[in-house]
Structures are given as C-alpha cells and as structure tokens.
Amino acid sequence: MESVIRTDRLSRNYGRRVGVDGVDLEVAAGTLFGFLGPNGAGKTTTIRLLLGFLRPSAGRASVLGLDCWRDSHRIKRDVGYLPSDLRLYSWMTGKSALRIVGRVRGQDLQAEGHAIAERFELEMDVRVRAMSRGMRQKLGLVLALAHRPKLLVLDEPTTGLDPLMQDELARALTEMAARGHTVFFSSHTLSEVEAVCDRVAFVRRGRLAADETIEGLRQRARRRVTITFRDAQAAAAAEPPAALVVEERRDRHWTGELLGDAGSIREWLAQEPVDDFVVGPPELDALFRSFYRDGESTRC
Amino acid sequence: MLSGLLEKTVREMWRVVAFTSVALGLAMGLFVQILPQFEQGLNEILLQVPFFRTLISGLMGMDVSSVGPQMLLVVVWTHPIVLAIVWGFAIAFCTRLPAAEIERGTIDVLLGWPVSRRTIYLSEGLACLAGGIVLLSCGFIGFRISASTLSAELQPALRNTLLTLVNLFAVFVAVGGIAQCISSVCDRRSTAMGSTVTFLLASYLVQFLSTLWEPASRVAFASFAHYYQPAQVMLSGTLPVQNVLVLLIGGGALWAIGGLVWSRRSVLTI
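Described below are features of the structure shown in this document. (Residues numbered from 1 in each chain as written. Chains lettered and ligands numbered in written order. Predicted model: local features only at pLDDT ≥ 70, side-chain atom pairs only at ≥ 80, totals over all residues. Heavy atoms only, no water.)

### Things to note about the overall build of chain A
Piece 1. A count of helical and extended segments in chain A gives 11 helices and 14 strands.
Piece 2. Relative to its 300 residues, chain A shows a buried fraction of 53%.
Piece 3. Restricting the contact set of chain A to residue pairs at least 6 apart, pairs at least 24 apart contribute 66%.
Piece 4. Carbon together with sulfur atoms contributes 45% to the accessible area of chain A, which is approximately 13900 Å² in total. (Helix = DSSP H or I, 4+ residues; strand = E, 2+ residues; numbered from the N terminus. Buried < 20%, exposed > 50% of the residue type's maximum accessible area, 1.4 Å probe, protein only. Contact = heavy atoms within 4.5 Å. Areas by Shrake-Rupley, 256 points an atom, 1.4 Å probe, with all protein chains shown as cover.)

### Examining the interface of chain B and chain A
Piece 1. Contact residues are listed per partner, giving 29 residues for chain B and 27 residues for chain A.
Piece 2. Taking both partners together, chain B and chain A bury about 2600 Å²; carbon and sulfur atoms supply 58% of that area.
Piece 3. When the area that chain B buries against chain A is broken down by residue, the three leading residues are Arg11(B), Trp113(B) and Pro114(B), summing to 23%.
Piece 4. Viewed at the interface, chain A and chain B are joined by three salt bridges. (Buried area = accessible area lost by both parts, 1.4 Å probe. Salt bridge = Lys/Arg side-chain N within 4 Å of Asp/Glu carboxyl O.)

### Details of the sheet that holds strand β11 (residues 222–229) of chain A
Residues and elements named next belong to chain A.
Piece 1. Spatial strand order, β12-β13-β11-β14: four strands in an open sheet with antiparallel pairing. Every other strand in the sheet has two partners, leaving β12 (244–250) and β14 (274–279) as the edge strands with one partner each. If you compare each strand with its neighbour and ignore which way they point, the axes differ by 20 degrees on average. (Pairing = 2+ DSSP bridges. Axes fitted to C-alpha atoms, helices over the stretch in contact; angles between N-to-C directions.)

### Quick word on the sheet that holds strand β8 (residues 182–187) of chain A
Residue and element names in this part refer to chain A.
Piece 1. Pairing is mixed across the open sheet formed by six strands, whose spatial order is β6-β7-β8-β3-β9-β10. With one partner strand each, in any of the chains shown, β6 (79–82) and β10 (207–213) form the two edges of the open sheet. Strand-to-strand twist across the sheet, computed as the mean angle between neighbouring axes with direction ignored, equals 15 degrees.
Piece 2. Examined bridge by bridge, strand β3 (residues 32–36) and β8 share five bridges and lie parallel to one another.

### What to know about the packing of helix α5 (residues 80–94) of chain B against helix α10 (residues 189–209) of chain B
Residue and element names in this part refer to chain B.
Piece 1. Running from N to C, α5 and α10 cross one another at 140 degrees; their axes reach a closest spacing of 10 Å. Relative to α10, the element α5 lies oblique. The handedness of the crossing between α5 and α10 is right-handed. Here Leu83, Trp87, Ile91 and Ala92 of α5 come into contact with α10, specifically with Arg189, Met193, Thr196, Val197, Leu200, Leu201 and Tyr204.
Piece 2. The class makeup of the residues in the contact of α5 with α10 is nine nonpolar, one polar and one charged. (Parallel < 35°, antiparallel > 145°, perpendicular 65-115°, else oblique. Left-handed = near helix turned anticlockwise from the far one by under 90°. Nonpolar A, V, L, I, M, F, W, Y, C, P; charged D, E, K, R; others polar.)

### Quick notes on the state of the cysteines
Residues and elements named next belong to chain B.
Piece 1. Scanning the entire structure with this criterion turns up zero disulfides over all chains.
Piece 2. The closest cysteine sulfur to the non-disulfide-bonded Cys181 is located on Cys186, 9.8 Å from its own sulfur.
Piece 3. Exposure remark for Cys181: the relative accessible area of 19% places this residue in the buried category.
Piece 4. Accessibility expressed as a relative area gives 8% for Cys186, which makes it buried. (Disulfide = S-S within 2.5 Å.)

### Things to note about helix α1 (residues 43–50) of chain A
Piece 1. Taken across its eight residues, α1(A) has seven buried, putting it largely inside the fold.
Piece 2. Within two residues after α1(A), Gly52(A) carries a phi angle of roughly 80 degrees, on the positive side.

### Details of empty space enclosed by the protein
Piece 1. Taken as a whole and judged by the stated rule, the model has three cavities of 30 Å³ or more.
Piece 2. One number sums up the size of the largest cavity: a volume of about 140 Å³.
Piece 3. If you trace the largest cavity, you find 15 residues lining it, with Tyr81(A), Leu143(A), Ala144(A), Val109(B) and Trp113(B) closest to the centre.
Piece 4. When residues of the lining of the largest cavity are assigned to their parent elements, the largest contribution, three residues, is made by helix α5 (residues 133–145) of chain A.
Piece 5. Classifying every residue of the lining of the largest cavity gives 10 nonpolar, three polar and two charged. (1 Å grid on protein atoms, 1.4 Å probe; cavity = no way out; pocket = protein on both sides within 12 Å on 5 of 7 lines; lining within 4 Å. Points joined across faces, edges and corners; volume = space filled by probe spheres on them.)

### Describing the nonpolar core
Piece 1. Counting 98 residues, the largest nonpolar core has Leu173(A), Phe184(A), Phe202(A) and Trp113(B) as its most contacted members.
Piece 2. For Trp113(B), the contacting residues outside a window of four places in its chain are Lys76(A), Tyr89(A), Met92(A), Ile100(A), Val101(A), Val104(A), Leu5(B) and Lys8(B).
Piece 3. One finds Val32(B), Met60(B), Val76(B) and Phe224(B) within the second-largest nonpolar core, a separate group that totals 62 residues. (Core = buried A, V, L, I, M, F, W, Y, C linked by side-chain atoms within 4.5 Å.)

Right, here's the structure in full:
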C-alpha cells in the first residue's frame, strides 16, 4: 500500500539536547496511526518536522511523496493539522475563520465546516477570546477537517474535550479512515489511541521504541490470570509453563500474568487438575509503561 | 490565497493603522500651529547658546544659524513625537512576523495553511507598506490642512511638502526593513522591538553626534538618519535622490535578508 508518511533516520537536535534521533516511520494510506510517548519524548518534534516547521538535523521525511522541508506548503494542501497547544487568533469567530482559511486554501469550506461544527456542537458566532478551552479545541478540529484532508495530523487532540466529544471525535476519525483518509494521532494516553487506532508507534527519548499493530500489541501484552486447582496438593505439585508467571500461590489458587494469548497454555491446562481458569483482557497499559522504563530495549 | 492572508492582517491591524494615522495627522497639524509661536524665543536661544544651535542643526540635518517661520515648519517633520509615531508604527508592524506570531503561539496555525513562508512574508510586507502610506498620508493631510490656515507667505509649497513626505516614507521603509530583519531571527516580539529601538537610537545618536564630534562624522554615513534631511528638501524643493535611494535600497535589502532568514529558519515552540 502507498505510504503517506515516510521518515528515514529522521533526527533533530536542539543544541546538545536530542529532539528526535534516527526515527524510521512508514504510515500507509487509510491507517489510523497512533503516535504515543510521554511528555518530551519527541512526538511534537516529529510532527513539526513532518509539517516543515523544523529543518531536520539529519535524515529525511516525506509526506504524500513530497519532501517535508522543501515542499512544506504544497504538502499542507492535503494535510489538516491540529497543534497540541492550539492558539487561535483571538479576534476570530468560527465563521470568519472558515472564510479566511477558505480563501487561503482556495476552497469554500462553509458547508463542510458548519456540518462538522454542528457535529461537535460548536457555536460559530463566538469570538475565540470568549471561547472555553474545549470550544477552541473544537474550532481547531473544524479547521483541520473542513477541507477533507488526505492526511490528518492531530497532536493531543482530545485536550479540553469532554468524554462525549472524545467519543464523537473517535467516530469521526474512524469514518475518515474508512473513506481512505489517513490519521496521525499523537497522544500520551494509551487508552484513547487504543480506542481509535489500528497501528501504534511508541517514542521514547527521541527514539522509536516500538511500531506495530494494536492487535500485535494485544498479543504481546500480559494478562492477569487466576487458576483454581482441584485441591491444594495439586496446586503445590504443579509446575507453571514458560508463558505463565505465577506471582502468588495460596491454597489451591494461583494468580499471575500470562505472556501472550490463552492458547499458549492450553495444552498445559489440559494436563493439570484445574477446576477454573480466568484470563483478563490484555494489559496494554502495563506494556506501554514497560516501553519507558529506564534501560529497557524493546525496539520492535 | 494572498487575499486571505491580507484579510487576516487587516483584521488585526486596522485599529492600529487608524489610531496612529489620526494621531500623526493631529500631531503634525498641531505642531504647524504651535511651533511658529516660538520663533523669537528660539532665535534668542540660538544666539546665546551655541550648543543649542549645534543641537538643532543635528536634528534638522543642516546648519542652522537662525530660525525663520519656514524653518520652524521643517521642525514638524523632525519632531521627536512625529518620528516616534512613524518609527513605532514601522516597528510594531514589522515585528509581527515571525516574532509576535511565535510568541503568541499562532505561528502553528499560520504555518499549517498551504502557503509558502515567502507568500506569508510578502503579504505582511505589502500590508505594512500600505499601512505606512495611509499613516504618512494622514500626517501629510494634517500638515497641509493646518498650514493652509497660516498666512500665504508662510505656507510651504505643495511640491516641497510632498518631496519631504517621500524622504520620510523612505525612512519608514528603512526602519521597517531593520525591524523586519531583526524580527526574522527572534522568537519574542519584545526582544525584536527592543533590539530595533536600540539599533535605531544608536544610529540616530551617531548622526546627531556627527555635528558635534569629528570621529562620529566619519561613521555618520552608516546611520539611516544621515539620509533624512527634511530642512534641505523643504527649503530647496529638490529631492535628495541619492539619500532616498540609499534608504529605500537599504531598507529593501534588509527586508529581503529577513525574508531569506525566515524562509530557512526552524520555528520552535516557546
């Protein structure tokens, strides 16, 4: 499938400090791509490199086949962008913003813009200076989506949105992806990326720590397991398989973590005198945290 | 594309343009009425205090032995308040991009639009020139309306006033070019404005000292104020073409350098 975003050993330093270091990314068209990392990991720097705000110290980045630095303004014809710390012009209203951005883009954005505003329950007559944080975020989304961009770059887009609007945004993004648009969704919260995206990259200290599908992550993630043996004697005699890490043994009960899916211990279970077996959902949160522990090398 | 950017700039700047234009028109009109009243007292001071004569000569850009009513009308064009309004306007306008946009965080929105940095810069430059024309036109109108109330022999010729206006517009372009060039490397407007004002005052001081101190006269050519001589223009009615060209070319070159820096620099968040 055609790549919408491609970076090749992309690096950017701020003096001695590393912003991003040797990032290789490839995002295919129609993907809902999550870009995760803690604060200061390099997410925003990567986005600013992709949009041509920053010049790379080394490496290359291209969006829609065009060089991010040299062809920055051409790229933005087909890109919608919502910055993480959105600051709109205080004198703007939703209507005047749509008119001005429409003239800049050479497109009439009124109909689509008002439809999106209605979806997000945004009043378009209010000046930005009188808007709440959430309203400004909604206006930012309207301006990013109104021209139906091929690529949507969202940096912490749920900031200031209530849970209902977060759900609405997730639905809107899923619909866009279904129509073939690509979404680059940056966040430091795994749950919202997990709910929306089908692929995710983790960035840590400017380096890519992992890049794989949500399904792949689920298979790798640990699950809480509770096993109840027929009696305490059987529990004491049993030896756990490699995929099972037992943390606590009490009477005839074991609790611990399962690495991978339940299929990996099916055979072992069939041979043991087990009365009950409970497996929880994959704990992506724990996996996410593990990517950021000091000294860990989890590059996938 | 450009019309959208210009609309944005007009929405942001029309109040500033209107306010400063009215202020300049009023100030120049008022000085035309007030300054001739000081003729006698001023001449006495010029005779008694040679230093004051040097001071006035430095301000006017020519040697002044006595001050007549015509010369006092020239003072209107060099009055610190008039110059402060013109400089202030040029500095305020030309530090908007990129310094003010970065400082208030709106640069991300602006650069998210599908326009090249050069186009953004060009639209700001055009808006600034248009604003400067409105500003100086209002000053000119204030001056002419007020001067029309003076006796016929005191009224300066229209041609002479227009040529002085051209010289002042060239100063506006030069000051704007300096401010724009400094702004292109700054992330904060206060830094850009402060640096520009410091540079302009130092430059003005060099020109002023050149009438008092020989070493300063050797470097006075580097001062933009050296090329603004309203007294000569107003009294002789001839445009110092070379001076005007130096200001316009110098200002234009600095503006172009600023554009080059802006189109190549990385834009960080602050």
